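Overview (structure and organization)
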Amino acid sequence: MSDRQMDGDKPSEHDEDVTLLRVPVSLDYDYSAGVSASRFLRGIEQGKLLGQRCPVDGRVYFPSRGSCPQHAVTFGDETVDLSDKGTIVTFSIVRVPSANIPLELPYIAVNVVLDGADTILMHVLDANPEDVHMGMRVQAVWKPREEWTTSTANILYFRAIDEPDADYDQYKEHI
Ligand SMILES: [Zn+2]
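First, a word on scope: everything that follows refers to the structure included in this document. (Residues numbered from 1 in each chain as written. Predicted model: local features only at pLDDT ≥ 70, side-chain atom pairs only at ≥ 80, totals over all residues. Heavy atoms only, no water.)

This part is about the coordination of the zinc ion. In this structure, Cys 54 (SG), Cys 68 (SG) and His 71 (ND1) serve as the protein donors to the zinc ion, at separations of 2.0 to 2.2 Å. Of note, the zinc ion draws all its donor residues from one chain, in the sequence arrangement C-x13-C-x2-H. In this pair, Cys 54 is assigned in the loop between β1 (49-53) and β2 (60-61) and His 71 in the loop between β2 and β3 (80-82), connecting sequence segments 17 residues apart. (Donors = N, O, S within 2.8 Å, 3.2 Å for Na, K, Ca; no water. Helix = DSSP H or I, 4+ residues; strand = E, 2+ residues; numbered from the N terminus.)

As structure tokens, then:
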């Protein structure tokens, strides 16, 4: 018997249409990183940034997926130790909050090409938005050593270093 029937013809709060239903959903994933990503994550646990070189054209991929998307060849076990210094290729000043990014606004999202790498890494820069520019030399700021895990979150952010800007020709192919 419905509420309506119990109350006779008297309207009740249950007669109103449901227009919104909030249902928190969470899903847990067990994700197998695979050989290549495991090697990369074991490296970052030790503070090493490991890339891999394409045997066809010598380009260094970081992070490596274990194969070259351009030449469809696998990279094998050889790795390339990369510096945690790099050059800002492009950037965006973000003024809109995002639920999964706990940074104070505005923050600076950057594409960095690490020294010795040929692919870009997306990260954030700790700087005054008026100071950021293409070609800016930067270096990773790591969490304290005792907090390192197999996570890219070991790098907190990048910060400008006292080096002259890179020449445009050095990073233009990544724009
Ligand atoms: Zn290749």
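Further remarks concern the pairing of β1. Counting buried residues along β1, four of its five residues qualify, which places the element largely inside the surrounding structure. The pairing of β1 with β3 spans three bridges and is classified as antiparallel. Residue Leu 49 lies in a different strand from β3, and its bridge partner there is Leu 82. Across two bridges, β1 lies against β2 in antiparallel orientation. Note that in β2 the partner of Arg 53 across the bridge is Val 60. From the end of β1 to the start of β2, which pair antiparallel, there are six residues, and Gly 58 there has a positive phi angle of about 80°. (Buried < 20%, exposed > 50% of the residue type's maximum accessible area, 1.4 Å probe, protein only. Pairing = 2+ DSSP bridges.)

Another point: unusual backbone geometry. Following Phe 62, the chain continues to Pro 63 via a peptide bond in cis, the omega torsion being -15°. Assignment of secondary structure puts Pro 63 in the loop between β2 and β3. The backbone of Ala 72 shows a phi angle near 55°, a positive value even though the residue is not glycine. Structurally, the position occupied by Ala 72 is in the loop between β2 and β3. Overall, the relative accessible area of 70% leaves Ala 72 in the exposed class.

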